[in-house]
Amino acid sequence: MLADATLLALALAYQFHVLQEAKFRAEQLAQLDPLTGINNRRAFYDTTEPLWSTALRKERNVSVILMDIDMFKQINDTHGHAHGDKVLLAIAAMLMKLIRQGDVLARWGGEEFVVFLPETNIQEAVALAERLRAAIAGARIRHATGETAITASFGVAAKEVHHATLDALISLADDYLYQSKQQGRNRVSYYPVG
């Protein structure tokens, strides 16, 4: 009977361990973009919400960079979705390498990425966006018959008094991203905050 009880306890412990691992994996999947392995939109908000609240309360600088890979549909249409995925992976890796440890990167959707920059004014954010733009423009992603040159457009916005929400700041960065697209792509647009 003691042996049966021991086996039952071991079986229950093993089952509990398996369930805990499955729960951990499910939580990770809910937070990470499945293709690139970086934060998804949900994780972005989970991570930045306390940073945003602190910045508002303590009147700290915060900036946001929103970027979109130029002509991404054409890349997919010309070279296939597998190559498009390769481009997204390369861009995500490049962004991770070039941002600071405290910055928050996420795949915003499709071919868009967002970077939350705590303790960063507009000039510093624009300088980073320019470095990211130049790095992406210099990258070449191999495919079956050659290489794909990539560019990206950027919108940058810094927190001002009238930005009551992070969504308002992201919306402003999105407006500047749209401006970059309208002005010919492969550029950084922003409003210089004094």
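Residues numbered from 1 in each chain as written. Predicted model: local features only at pLDDT ≥ 70, side-chain atom pairs only at ≥ 80, totals over all residues. Heavy atoms only, no water.

Quick notes on the pattern of salt bridges
Thinking step 1. Applying the stated rule across the entire model yields 8 salt bridges.
Thinking step 2. Between K181 and D70 there is a salt bridge, with the nearest N and O atoms lying 2.7 Å from each other. One end of the pair, K181, is in helix 6 (residues 166-182); the other, D70, is in the loop between strand 1 (62-69) and helix 3 (72-79), and 111 residues separate them in sequence. Here K181 matches D70 in class, with each residue buried. (Salt bridge = Lys/Arg side-chain N within 4 Å of Asp/Glu carboxyl O. Helix = DSSP H or I, 4+ residues; strand = E, 2+ residues; numbered from the N terminus. Buried < 20%, exposed > 50% of the residue type's maximum accessible area, 1.4 Å probe, protein only.)

So, the environment of M94
Thinking step 1. Here M94 lies in helix 4 (residues 81-98).
Thinking step 2. Spatially, the C-alpha atoms of M94 and A139 are 9.2 Å apart, while their sequence positions differ by 45 residues.
Thinking step 3. With residues up to four places along the chain from it excluded, the contact list for M94 reads A135, I136 and A139. (Contact = heavy atoms within 4.5 Å.)

Describing the sheet that holds strand 1
Thinking step 1. Here 5 strands make up an open sheet; going across it, the order is 2-3-1-6-7 and the pairing mixed. Two strands bound the open sheet, and with one partner strand each, they are strand 2 (104-109) and strand 7 (188-190). Neighbouring strand axes in the sheet, compared pairwise and without regard to direction, differ in orientation by 20 degrees on average. (Pairing = 2+ DSSP bridges. Axes fitted to C-alpha atoms, helices over the stretch in contact; angles between N-to-C directions.)

Here we look at helix 6
Thinking step 1. Taking 1.5 Å of rise per residue, 17 residues should cover 24 Å, and helix 6 covers 24 Å from first to last C-alpha, within 8% of that figure.
Thinking step 2. All buried positions along helix 6 are accounted for by L166, L169, I170, A173, Y176, L177, S180 and K181. End-on, the buried residues of helix 6 take up no more than an arc of 150 degrees, which puts them together on one face. Counted as exposed and oriented over 90 degrees from the buried face of helix 6: Y178 and Q182.
Thinking step 3. Where helix 6 terminates, the next one or two residues include G184, which has phi positive at roughly 115 degrees. (Expected span 1.5 Å × (residues − 1). Arc of directions from axis to C-beta.)

A word on unusual backbone geometry
Thinking step 1. Phi at M71 takes a positive value of approximately 55 degrees, unusual for a residue other than glycine.
Thinking step 2. The phi angle at R185 is positive, at roughly 70 degrees, despite the residue not being glycine.

Overview of the pairing of strand 1
Thinking step 1. Across the 8 residues that make up strand 1, a large majority, 8, are buried.
Thinking step 2. Neither face of strand 1 is open: one carries V62, V64, L66 and D68, the other S63, I65, M67 and I69, and all of them are buried.
Thinking step 3. Direction of pairing for strand 1 relative to strand 3 (residues 112-118): antiparallel, over a ladder of 7 bridges. Each residue of the ladder has a partner; that of D68, found in strand 3, is E112.
Thinking step 4. When strand 1 meets strand 6 (residues 152-158), the two strands line up antiparallel, connected through 7 bridges. Paired with V64 across the two strands is A157, which belongs to strand 6.

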